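Chain by chain, the residues:
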Amino acid sequence: MFNSIKKIIEYIKNLNLSIDKYKESTIIQSLPSVAHVNRAKKLIEHNKIEEAETILLEALNITEKDPLVYKYLGMIYDKKGEPQKAVDAYRKSAQICYTDKTIWQKLGFALIACKEYEEAEKSFENSDKIAPSNSDTFTGWGMSLMKQQKYEPAREKFVTASRINKYNFTAIFLAAVCEIKIGEHKDAESKLTFLANVCPNETNTYEYANLKFLKQDFKNAKHYALKSLEFNKNTLPSYLLLGCIYTKELNFEKANEMFSTAEKYDLKNSSLYTEWGKSLAAFTKFNEAEEKFVKALEFDGENEESMAYLALTRMINRNDDEALIQMAEERKAPEQLLVLIRAIRDYNFGDYENAASKFRSLQGELPAEYEFLITAYLAKINVIQKNNSKAVDFFEKTMELNPYYKENGLAYSDFLIKNNDFAEAKRKLRKIVKIYDKDLEVLNLQFFVNYTLVKENVCEYNIKEAVALADNIIKINPEAFNYYNEKQELENLLNNLKERE
């Protein structure tokens, strides 16, 4: 959820934990430091943080027994974004005055900021013992559990927090997030629908979009993701979600636009480049995908998913990066990706039986947008093993799954040509040309097939079609056209036909 939790923590800390009134907060009136505390409180109220800190540090020279000195120092460190110092101050305050629930709450949130989630859990538990049924306490408690991926108990805390205070929309939202994690989509949807109507914002709306995505409702997922960007154009998760949806829909232009826009708004991090790379790989742009995965690892060198996808794109390009694969394995990258990498390695080394076995084991296990890799390699293996019928099935399936995979289309066309099925090769090449209308390799092969068919069935229309295709290739790049003699032969045939008329 990126920075959402951090924002929520700040929000909750400011809900009911504002600076207490003098009579409520001054526990030990007789301490000589009380005047310093009062002055510091006034300065904090006027956001004069540095001056307040100086006064409180002076108070420590008078006494180290006043819990309020440490309490307000903790609040200052919170404001300054120094959570570890805040933790140290709140702990000292709690040691002196165990019965102040506010201290335990503040300590809990500071511990979350320091990623000390188990200690934060204990802190909120202490707060609840001192002052039971506090909505903020249960919200923080749920956060500490959520950060430990204990989604079911976290959900229970958030639900309790929202029962205590029905206006605690943060608790309702986080309960819904936990419900999505544990698969309770119906309960999550009711909460997110409520929030979308009562207090819509970029975070709630994004999470609703994500839920729709998980339910395969891509139309509404796109609607709410775009809506979240209306609230805040810098909502990175929404760009990533939209990019993923458009990738699944095989809409390259829109998918790439989402990632490019996020980069334009300087929302650069490992997640952006990992998801962008995955999208490019799904569109078979493996070299560009590799660049994105490298960039993702520049932001987070420990990201096992980026490592695995980088190793995959390199293996597809026959670059066997063993060290990278080992790192991905050590960091527990998704096993399906690792099996796919090993399968392609087996294929590259000519171990077709083991490769085919691994590819078959992955059917239905990979994200749908990567299934084409399995069928494409199985098609090539069956060609090598001369299982022509199976090869055709896998070629066809690959074209159906991903018409962007030019290599599959060319391999299929080459297979058909070698089997003297030029008419079918022509039909397949027409489909490829719809996407790769300026690809010279595709166009040259299309011309060769058309030329061959013309020789088999000479007619004016077919000749003109083939010559027009040749002229189109020459217009793109005269040096890249490979069949000038054949073109001249067709033009001569056309002239002979006209002379006969």
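Residues numbered from 1 in each chain as written. Predicted model: local features only at pLDDT ≥ 70, side-chain atom pairs only at ≥ 80, totals over all residues. Heavy atoms only, no water.

Caption draft 1: Focus on the overall build of the protein chain. In terms of regular secondary structure, the protein chain is built from 29 helices and zero strands. Here the C-alpha atoms of the protein chain give a radius of gyration of 32 Å, more than 25% beyond the 23 Å that 2.2 N^0.38 yields for 501 residues. On the principal axes, the C-alpha backbone points of the protein chain span a range of 120 × 45 × 40 Å. The buried share of the protein chain, taken over its 501 residues, is 52%. Split by element, the accessible area of the protein chain, about 24,300 Å² in all, is 47% carbon and sulfur. The positive charge centre, built from 71 side chains, and the negative charge centre, built from 77, are 4 Å apart in the protein chain. (Helix = DSSP H or I, 4+ residues; strand = E, 2+ residues; numbered from the N terminus. Rg over C-alpha atoms; globule rule 2.2 N^0.38 Å. Buried < 20%, exposed > 50% of the residue type's maximum accessible area, 1.4 Å probe, protein only. Areas by Shrake-Rupley, 256 points an atom, 1.4 Å probe, with all protein chains shown as cover. Lys, Arg positive; Asp, Glu negative; His and termini not counted. Charge placed at Lys NZ, Arg CZ, Asp CG, Glu CD.)

Caption draft 2: Examining the nonpolar core more closely. Core analysis: the biggest nonpolar cluster contains 162 residues, and Phe-359 and Phe-447 have the highest contact counts within it. The leading source of residues in this core is helix H11 (residues 169–181), at nine residues. (Core = buried A, V, L, I, M, F, W, Y, C linked by side-chain atoms within 4.5 Å.)

Caption draft 3: Representation of the side chain of Thr-274 within the structure. Relative to the assigned elements, Thr-274 resides in helix H17 (residues 270–282). A distance of 2.6 Å separates the side chain of Thr-274 from the side chain of Ser-306, its partner in a polar contact. Every residue in contact with Thr-274, bar those within four places of it in the chain, is listed here: Phe-293, Ala-296, Asn-303, Glu-305 and Ser-306. (Polar contact = N/O pair within 3.5 Å; in protein donor to acceptor, adjacent residues only side chain to side chain. Contact = heavy atoms within 4.5 Å.)

Caption draft 4: Geometry of the pattern of salt bridges. Throughout the structure, instances matching the rule amount to 41 salt bridges. With a closest N to O distance of 2.8 Å, Lys-455 and Glu-489 form a salt bridge. Residue Lys-455 is located in helix H27 (residues 440–456), and its partner Glu-489 is located in helix H29 (residues 484–500); the two are separated by 34 residues in the primary sequence. With relative accessibility at 31%, the residue Glu-489 sits in the partly exposed group. Asp-471 is the partner of Lys-487 in a salt bridge, and the nearest nitrogen-oxygen pair spans 3.3 Å. Taken as a pair, Lys-487 in helix H29 and Asp-471 in helix H28 (residues 460–476) lie far apart in primary sequence, 16 residues in all. Judged by its relative accessible area of 10%, Lys-487 falls in the buried class. The exposure class assigned to Asp-471 is partly exposed, which follows from its relative accessible area of 39%. (Salt bridge = Lys/Arg side-chain N within 4 Å of Asp/Glu carboxyl O.)

Caption draft 5: How the structure looks around the packing of helix H26 (residues 422–435) against H27. Relative to each other, H26 and H27 sit at 150°, their axes nearing to 10 Å. Classified by the interaxial angle, the pair formed by H26 and H27 is roughly antiparallel. Here H26 runs over H27; the crossing is left-handed. Two secondary-structure elements touch here, H26 through Phe-422, Ala-423, Ala-425, Lys-426, Leu-429, Arg-430, Ile-432 and Val-433 and H27 through Val-442, Leu-443, Leu-445, Gln-446, Phe-448, Val-449, Asn-450, Thr-452, Leu-453 and Glu-456. A class-by-class count of the residues in the contact of H26 with H27 yields 12 nonpolar, three polar and three charged. (Axes fitted to C-alpha atoms, helices over the stretch in contact; angles between N-to-C directions. Parallel < 35°, antiparallel > 145°, perpendicular 65-115°, else oblique. Left-handed = near helix turned anticlockwise from the far one by under 90°. Nonpolar A, V, L, I, M, F, W, Y, C, P; charged D, E, K, R; others polar.)

Caption draft 6: Broad picture of unusual backbone geometry. A positive phi angle, near 60°, is found at Ser-133, a position not held by glycine. Mapped onto the elements of the fold, Ser-133 is located in the loop between helix H8 (117–130) and helix H9 (135–147). The residue Lys-332 is not glycine, and still its phi comes out positive at about 60°.

Caption draft 7: Quick peek at the environment of Lys-248. Looking at the secondary structure, you find Lys-248 in helix H15 (residues 236–248). With 119 residues separating them along the chain, Lys-248 and Pro-367 place their C-alpha atoms 9.4 Å apart. If near-sequence neighbours (up to four positions away) are discounted, Lys-248 is found in contact with Phe-213, Phe-218 and Glu-369. A distance of 2.8 Å separates polar atoms of two side chains, one belonging to Lys-248 and the other to Glu-369.

Caption draft 8: Representation of the environment of Ser-135 in the model. As for its position among the elements, Ser-135 is in helix H9. With a relative accessible area of 7%, Ser-135 lands in the buried category. Separated by 38 residues in sequence, Ser-135 and Phe-173 have C-alpha atoms that sit 14 Å apart. Setting aside residues no more than four positions away along its own chain, Ser-135 makes contact with Ala-161, Ile-164, Asn-165 and Asn-168. Among the polar contacts made by the side chain of Ser-135, one reaches the main-chain carbonyl oxygen of Ala-161 at a distance of 2.8 Å.

Caption draft 9: Quick peek at helix H16 (residues 252–264). With 13 residues, H16 extends 18 Å from end C-alpha to end C-alpha; this agrees with the ideal 18 Å at 1.5 Å per step. Turning to H16, its buried residues are Phe-252, Ala-255, Met-258, Phe-259, Thr-261 and Ala-262. Looking at the buried positions of H16, the neighbouring elements they touch are H15 and H17. (Expected span 1.5 Å × (residues − 1).)

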